[in-house]
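# Working through the structure, step by step
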Amino acid sequence: MYEKIVILDFGSQTTQLIGRRIRELNTYCEIVPFNKFPHDTAGIKGVILSGSPYSVYDSGAFKVDLTGIRGKYPVLGICYGAQYMAYTSNGSVEPADSREYGRAYLSVVDNSSPLLKQVNAGTQVWMSHGDTITHLPPSFRIIASTENVKAAAYQVKDEQTFGVQFHPEVFHTTDGMLLLDNFLNICGCRKDWTTASFIESTVAELKKQLKDDKVILALSGGVDSSVTAVLLNRAIGNNLICIFVNHGLLRKNEFENVLKDYEHLGLNVTGIDASAKFYRELKGVTDPEQKRKIIGKGFIDVFDEEAQKLKNIKWLGQGTIYPDVIESLSITGTVIKSHHNVGGLPEKMHLKLVEPLRLLFKDEVRRVGKELGITPDLIKRHPFPGPGLGIRILGDVTPEKVHILQEADHIYMSLMHEWGLYDSIWQAGAILLPVQSVGVMGDDRTYENTIALRAVTSTDAMTADWAQLPYGFLSKVSNEIINKVKGVNRVVYDISSKPPATIEWE
């Protein structure tokens, strides 16, 4: 049993980043809904309260009784979490005269507080709140301030309870990792949770969970499903049956290439060509959410059918990771987009889910893959969406459109490798737009399709910035696509960041 930090999620979009930072400090953590504190408290060393989209005084605000937590465990409240503890202890929280979003600087720091050990006055923090604590309860004392927020951080007398109204988990808080590390020291954490220990504990948990049951795993050729496959293979061996489905929305030659890539892993992989089924069910569908759900249901239909052929299959393995979960499911009820392996699942499914990577971010999955000995080509492969080119073709999906996009995307990715740019990019791909424009080829007028190129840099897919690719490269890609892909006469480059845009267009 590993020691752990429990993070109570009050609905913040950065809750998962808190977990990521804690794991970067070699400490295991579990993120649970604000009102689902674990019944099994073995190994719990401390508790973190996340931020929230609500104000503490809203009628619909997430509220929980902390009397069984405060005083028993060290507690750190972040933003809403800090305000909630002050508010429920007879303090006051009100709308701020001037809402603080973005950079601020700690003007007063009490280094006698263990939370702020070695944190200096003037250090940059990141604010994101419209409310502020206007009155602290008598047992609360201020340990840090900013120009506009007097109670930027506080400590509670006779408790290991702390609150900060800024976000230590985000990159722009300069000493955020130091503050979180100080909290782990307050909790007495050993900080011995590593990639190797994750593999060891995960394989042990999978053996306990699955016993002698058989698992059918959805392989995609990406790092997530590949790492999932190797973990499951270590746990249950031949009871793992891997299925790679060609839904007709893969990249050029991907079906054959992926099957070849898996040979070195010693996995039992069956390739199934179900492209006709997916084309038929997607015919005429233009709404992106509907397309995602059709593709998600189509995958499950195929897996159910294969499971019935194989018999005694009880589990469906999937490479679901945290960014999939946070975009598909929210404690507030907001869905950004349904992922085929989370929100795209049908209500009734004949297989139970096993998702060993559900708590990890992409870069963590890659480190696990490296530790497992998976080849660099699979580990470094750009993320590719489960719905494939189906959500990179805006509007209805047809075999003809898929062919156009496959050819354009193949040129884009091949040149990215040729120019040595691939490994510096988080994710890249071509998008076929439902836009036609006038062009000239030779002496003829054309009225053809537009391809948009997308390339972003990121570390975890929660935020992403557009990649500033060389003009010479973009010029080469544009010329190659227009000259070699019939049906395309215009290429554009997407310079949108996430947020406000998402990485994929649909």
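As the structure is a prediction and not an experimental result, all values here were calculated from the model. (Residues numbered from 1 in each chain as written. Predicted model: local features only at pLDDT ≥ 70, side-chain atom pairs only at ≥ 80, totals over all residues. Heavy atoms only, no water.)

Mapped onto the elements of the fold, Leu136 is located in the loop between strand S6 (124-135) and strand S7 (140-146). The exposure class of Leu136 is buried, given its relative accessible area of 14%. Distance from Leu136 to Tyr154, taken between C-alpha atoms, is 8.9 Å for residues 18 residues apart in sequence. Setting aside residues up to four positions removed in sequence, Leu136 forms contacts with Ala86, Arg141, Ile142, Ala151 and Tyr154. (Helix = DSSP H or I, 4+ residues; strand = E, 2+ residues; numbered from the N terminus. Buried < 20%, exposed > 50% of the residue type's maximum accessible area, 1.4 Å probe, protein only. Contact = heavy atoms within 4.5 Å.)

Close reading of the predicted structure is inappropriate where its pLDDT is low. Per-chain confidence: the protein averages 89 in pLDDT, with 93% of residues scoring 70 or above. Below pLDDT 50 for its whole length, residues 332-340 participates in 33 contacts with residues either more than four positions away or in separate chains. Low pLDDT, under 50, characterises residues 342-348; the stretch is placed with 19 contacts to residues that sit more than four places away or in other chains. (pLDDT = per-residue confidence, 0-100.)

Glancing now at the nonpolar core. Counting 91 residues, the largest nonpolar core has Phe303, Tyr412, Met416, Ile451, Leu469 and Ile481 as the members making the most contacts within it. Sort the elements by how many residues they give to this core and helix H12 (residues 399-418) lands first, with nine residues. When residues no more than four places from it in sequence are discounted, the contact partners of Met416 are His382, Leu421, Tyr422, Ile425, Ala428, Leu469 and Phe473. If you look at the next biggest cluster of nonpolar residues, it comprises 34 residues, including Leu25, Ile31, Ala104 and Ile143. (Core = buried A, V, L, I, M, F, W, Y, C linked by side-chain atoms within 4.5 Å.)

Counting buried positions along strand S10 (residues 214-219) yields five of six residues, so the element is predominantly enclosed. One ladder, built from four bridges, connects S10 with strand S13 (residues 313-317); its direction is parallel. Within S13, the position partnered with Lys214 by the bridge is Ile313. Looking at chain direction, S10 and strand S11 (residues 240-246) are connected through five bridges and run parallel. Each bridged residue has a counterpart across the sheet, and for Leu217 the counterpart in S11 is Cys242. The handedness of the S10 to S11 crossover, carried by helix H5 (residues 223-236), is right-handed. (Pairing = 2+ DSSP bridges. Right-handed = clockwise from strand over helix to strand, strands pointing away.)

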